[in-house]
Structure formats: structure tokens, C-alpha cells
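# Fold and geometry: a report
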Amino acid sequence: MNTKNVITGLALASTFFLLACGSVQSAAQADCTAVGLKVGTPDFETCFKARIREREMDYSNQPLPTKY
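Just so we're clear, the structure is a prediction, and the values are computed from it rather than from any experiment. (Residues numbered from 1 in each chain as written. Predicted model: local features only at pLDDT ≥ 70, side-chain atom pairs only at ≥ 80, totals over all residues. Heavy atoms only, no water.)

As a further point, take the side chain of Arg-55. With respect to the helices and strands, Arg-55 occurs in helix H2 (residues 42-60). By relative accessible area, which is 17% here, Arg-55 ends up buried. Arg-55 has contacts with Val-24, Ala-27, Ala-28 and Asp-31, leaving out every residue within four places of it along the chain. (Helix = DSSP H or I, 4+ residues; strand = E, 2+ residues; numbered from the N terminus. Buried < 20%, exposed > 50% of the residue type's maximum accessible area, 1.4 Å probe, protein only. Contact = heavy atoms within 4.5 Å.)

Grouped together as the largest cluster of nonpolar side chains are seven residues: Val-24, Ala-28, Cys-32, Phe-44, Cys-47, Phe-48 and Ile-52. Every element with two or more residues in this core is listed here: helix H1 (3-34) and H2. Apart from the residues within four sequence positions on either side, Cys-47 is in contact with Cys-32 and Leu-37. (Core = buried A, V, L, I, M, F, W, Y, C linked by side-chain atoms within 4.5 Å.)

This model, assessed by the stated rule, comprises one disulfide. The disulfide bridge from Cys-32 ends at Cys-47, spanning 2.1 Å between sulfur atoms. Its torsion about the S-S bond being -95°, the disulfide of Cys-32 and Cys-47 is classed as left-handed. Here Cys-32 is found in helix H1, whereas its partner Cys-47 is found in helix H2, with 15 residues between them in sequence. Here Cys-32 and Cys-47 have matching classes, each one buried. (Disulfide = S-S within 2.5 Å.)

Another point: the packing of aromatic side chains. For the structure on display, the rule yields one aromatic pair. Relative to Phe-48, the ring of Phe-44 lies with its centre 5.8 Å away and its plane at 15°, an arrangement referred to as stacked. Of the two residues, Phe-44 and Phe-48 are both situated in helix H2; the distance of four residues between them amounts to about one turn of the helix. Residue Phe-44 shares its accessibility class with Phe-48, and that shared class is buried. (Phe/Tyr/Trp six-rings, centres within 6.5 Å; stacked < 30°, edge-to-face > 60°.)

As a further point, take the environment of Ala-28. Relative to the helices and strands, Ala-28 resides in helix H1. Look past the residues within four positions of Ala-28 in its chain and what remains in contact with it is Phe-48, Arg-51, Ile-52 and Arg-55.

This is how it looks when you write it as C-alpha cells:
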């Protein structure tokens, strides 16, 4: 492997990571607005943070923690 291939691979991985972050945030916002919450309200912020966390856990293939 040469340096050019490594740099190209890292650039592509970074791009996919950034795209994934944007899509998680967009999806979380869409989820919260779909249930009637308005952007900027405390309830929306709570929903948004929870949905981001849930989606990040989904994408990481780790189980969500339980209260049991």
C-alpha cells in the first residue's frame, strides 16, 4: 500500500462518516417533527437528543441499555 492509497481511503472514510452524521441528524429531526413537535421547543430538543442517541446505537450494532 502506498501513501496515496492510504490518504484516499481516509478521505473516503471521513466523507462517509460525515454523511452518516448528517443523515442521523436529519432523520432525528424528521422523527420529532412528524409527531408534531416544533423546532426549538424543549420537548423537541429532548426528542431530538433521544432519537440521535437511538440511531447512533442502531448504527453501532450495540444493544440499547435497559433499565432492568
